[in-house]
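Okay, here's what each chain looks like letter by letter:
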Amino acid sequence: MSSPHATGDGGRNGTGIPVATATPKAKMSKRQKAKISRGIQYGILVVIAVVIAVVADWPTLIDTFGRVDIAAGMLPDVITKALKNTVVFTGLGFVLGLAIAIVLALMRLSSVGVYRWIAFVYIEFFRGLPALVVFLVMGFGLPVAFPGFILPQLVVIMIALALVSSAYMAETIRAGIQAVPKGQVEAARSLGMSSSRAMFTIVLPQAMRIILPPLTNELILLTKDSSLAYILGSSVDGRELAALGRAEIVNSANLTPFIVIALCYLIITIPLSYLSRVLEKKYGSADSGVK
Amino acid sequence: MTSSATASATATGSPLISIRNLQKSFGSNQVLTDISLDVDKGEVVCVIGPSGSGKSTMLRCINVLETPSGGSIVVDGMDMTDLDLDIDAARIRIGMVFQSFNLFGHLTVRENLTVAQTKVLGRSRSEADKVAEANLAKVGLSEKMEAKPGSLSGGQQQRVAIARALSMDPDVMLFDEPTSALDPETVGDVLQVMRNLAEAGMTMVVVTHEMEFARQVADRVVFMDGGVVVEEGPARDVIGNPREQRTKDFLSRVLHPGQLG
């Protein structure tokens, strides 16, 4: 909505040609409109804040979600055990997932059709499955299907998380490899490097810079997915954040533990998203000297 | 075949590069129809011609970056089209310089010059460094040893790329339009490096649009059009006094671009 340009300043000042000033809106300048629009937006915010403050039952809210004594009672185990377990599960799952993903990405780019197909099917399959289903199958399906074949809980969680993450990461890595200009491989080959040496010394290091930011994002998603480990059940020492949170909620008959574990997840994920932004800034726009 | 004349120029031994009846198609698109060309040791051959004439494809067939569809290419006795040939070992002896430089962006200039020496030739780090320093000095960029390619100008990157290829001690150097992607003011430095290389006796095949360079430096000029060698001979003949009408038309277009018709 702008004032008609044809009339020039005369139209904007409302003093000019009658045709252009037929509607009262045309009398307002763009700056005035923007000011009013901002005013309305602030107004909405204030109204919402006031309504919440008045309507909310603060004592009940604090009593339900903000009991400091319950929060304090969760320390130090929530940090030393649950947070640590979440980090360990996520880290192991990520490392295994990354290894699988690199293999899958190379398979997707292989000149052997069968490899391309296997990787394609794997990726489409696991990308389409909810993480919960993968955990259920790994935790409860496999022990039934293969009686006596019982893996340690940590390994089950690690494999489940790796399966969930590897499909996504494989596609990210494949895109990163393909983003490295073809001339890099040609230069490497013309210097006598074999195709695999060119891949590992020239292409993959450069692809890594491209895919580091999205991989960090995947690590954040995986941190959250690790909460699904709670459905497998565990010993007291084997609980990660979500499992501990649930147990504490039952114990205390209060929802404060939710807030505590939410904060614990943020302790992990906020630095990661900061890292992702830093990496993106560092590598995203950098002129790598590659054409 | 026009090249039979040059083959006879090789009084002693066989030519370093011998291309016979080379054909190359991309799908149904035949880019090289029938190319035969010999290059002697120490000779500088410039390949000129309109874009799309197959010059670059011909050059890329020599070190099999493109797989020939037919014909044969022999480089220093190695049959490049032989599937049993160790192509990686063969390529070590054929240096290549690209239009778009293709320096390794994640490595410093030093690493660009040493990575293949250590990993492919198995040279020690100190030995590779010594070779790298000597070659970087040759292209006049000794002070850029620790720079990243991204911080260099196009002309500097291309000189580093030449030094990188030289560091493998190749028998022949292929140049694929080495100055076409450069700012005009940096072209001269790159051509000077190539001129020095030619004077030092390097065997060179240069696909180029620089007629002046071809006139001054080339022992022989090859004019290609439509996937065939139309005319070849000493620069003063092919560029100075072309026989074929197609060559004349091309030269009048590139030498006097302002004139129409």
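For the rest of this paragraph, the subject is the overall build of chain B. A tally of regular secondary structure across chain B gives 10 helices and 10 strands. Rg of the C-alpha trace for chain B: 18 Å, near the compact-globule value of 18 Å for 261 residues, within the 12% margin. Overall, chain B is about 55 × 50 × 40 Å in size when its C-alpha atoms are taken along their principal axes. Here chain B holds 261 residues, and 56% of them are scored as buried.

Here we come to empty space enclosed by the protein. Once rolled over the atoms, a probe with the size of a water molecule shows which space is left empty. If you walk through the whole model with that rule in mind, you get one cavity of 30 Å³ or more. Considered as a void within the structure, the largest cavity measures approximately 40 Å³ in volume. Ala187, Ser190 and Leu191 of chain A together with Arg91, Ile92, Ile94, Gly95, Met96, Ala165 and Met168 of chain B are the residues that line the largest cavity. Within the residue set of the lining of the largest cavity, elements represented by two or more residues are helix H9 (182–190) of chain A together with helix H3 (87–92) and strand E6 (94–97) of chain B.

This part covers the confidence of the model for chain A. Residue and element names in this part refer to chain A. Averaged over all residues, the pLDDT of chain A is 85; the fraction at 70 or higher stands at 88%. When pLDDT is averaged over each element of chain A, H9 comes out on top at 96 and helix H1 (residues 8–13) at the bottom at 44. Every residue in residues 285–291 scores below 50 in pLDDT, and together they form 17 contacts with partners more than four places removed in sequence or on other chains.

Right, let's talk about unusual backbone geometry for a bit. A cis amide bond links Leu75 of chain A to the next residue, Pro76 of chain A, at an omega of -5°. Not every positive phi belongs to a glycine, and Ala253 of chain A is a case in point at roughly 50°. Within the element layout of this structure, Ala253 of chain A appears in the loop between helix H11 (241–252) and helix H12 (256–284). Notably, Asn102 of chain B is not glycine yet its phi reads approximately 55°, a positive angle.

Turning to the interface of chain B and chain A, a few remarks are in order. Across the contact, 29 residues belong to chain B and 23 residues belong to chain A. Summed over the three residues of chain B that lose the most area to chain A, namely Phe104, His106 and Lys119 of chain B, the buried surface amounts to 27% of that side. In this assembly, chain B and chain A are joined by two salt bridges. Residue Glu186 of chain A is joined to Arg60 of chain B by a salt bridge in which the shortest nitrogen-to-oxygen separation is 2.6 Å. Contributing elements (two or more residues each) for the side of chain B that touches chain A: H3, E6, helix H4 (109–119) and helix H6 (154–166) of chain B. When residues of the side of chain B that touches chain A are assigned to their parent elements, the largest contribution, four residues, is made by H3 of chain B. A class-by-class count of the residues in the side of chain B that touches chain A yields 16 nonpolar, seven polar and six charged.

Below, the discussion takes up the packing of helix H6 (residues 113–128) of chain A against helix H8 (residues 153–179) of chain A. Packed helices, taken two at a time, are described by the angle their axes make and the gap between the axes. All names here are of chain A. As a packed pair, H6 and H8 sit with axes 8 Å apart at the nearest point and diverge in direction by 125°. With respect to their mutual orientation, H6 and H8 come out oblique. The hand of the H6/H8 crossing is left-handed. In this structure, H6 uses Tyr122, Ile123, Phe126 and Arg127 to contact H8, whose residues at the interface are Leu163, Ser166, Ala167, Tyr168, Ala170 and Glu171. Grouping the amino acids of the contact of H6 with H8 by side-chain chemistry returns seven nonpolar, one polar and two charged.

Moving on, we get to the environment of Asp88 of chain B. Relative to the assigned elements, Asp88 of chain B resides in helix H3. On the basis of relative accessible area, Asp88 of chain B is assigned to the buried category, the value being 18%. Discounting residues that sit within four places of it in the chain, Asp88 of chain B has contacts with Arg189, Gly192, Met193 and Ser194 of chain A.

What follows concerns the packing of aromatic side chains. Applying the stated criterion across every chain, the model contains four aromatic pairs over all chains. Residues Tyr122 of chain A and Phe126 of chain A carry aromatic rings whose centres are separated by 4.7 Å and whose planes lie at 45° to one another, so their mutual orientation is tilted. Here Phe126 of chain A and Tyr122 of chain A lie together in helix H6, a separation of four residues that amounts to about one turn. By relative accessible area, Tyr122 of chain A is classed as buried at 18%. Phe126 of chain A gets classed as buried once you look at its relative accessible area, which sits at 15%. Here the aromatic cluster, defined as three or more aromatic residues joined through ring pairs, consists of Tyr122, Phe125 and Phe126 of chain A. The lysine or arginine in question, Lys24 of chain B, covers the ring of Phe26 of chain B, its NZ or CZ lying 4.8 Å from the ring centre. One Lys or Arg, Arg164 of chain B, reaches over the ring of Phe104 of chain B and ends 4.5 Å from the middle of that ring.

Cut-off values and rules
- Residues numbered from 1 in each chain as written.
- Chains lettered and ligands numbered in written order.
- Predicted model: local features only at pLDDT ≥ 70, side-chain atom pairs only at ≥ 80, totals over all residues.
- Heavy atoms only, no water.
- Helix = DSSP H or I, 4+ residues; strand = E, 2+ residues; numbered from the N terminus.
- Rg over C-alpha atoms; globule rule 2.2 N^0.38 Å.
- Buried < 20%, exposed > 50% of the residue type's maximum accessible area, 1.4 Å probe, protein only.
- 1 Å grid on protein atoms, 1.4 Å probe; cavity = no way out; pocket = protein on both sides within 12 Å on 5 of 7 lines; lining within 4 Å.
- Points joined across faces, edges and corners; volume = space filled by probe spheres on them.
- pLDDT = per-residue confidence, 0-100.
- Contact = heavy atoms within 4.5 Å.
- Buried area = accessible area lost by both parts, 1.4 Å probe.
- Salt bridge = Lys/Arg side-chain N within 4 Å of Asp/Glu carboxyl O.
- Nonpolar A, V, L, I, M, F, W, Y, C, P; charged D, E, K, R; others polar.
- Axes fitted to C-alpha atoms, helices over the stretch in contact; angles between N-to-C directions.
- Parallel < 35°, antiparallel > 145°, perpendicular 65-115°, else oblique.
- Left-handed = near helix turned anticlockwise from the far one by under 90°.
- Phe/Tyr/Trp six-rings, centres within 6.5 Å; stacked < 30°, edge-to-face > 60°.
- Lys NZ or Arg CZ within 6 Å of the ring centre and 35° of its normal.

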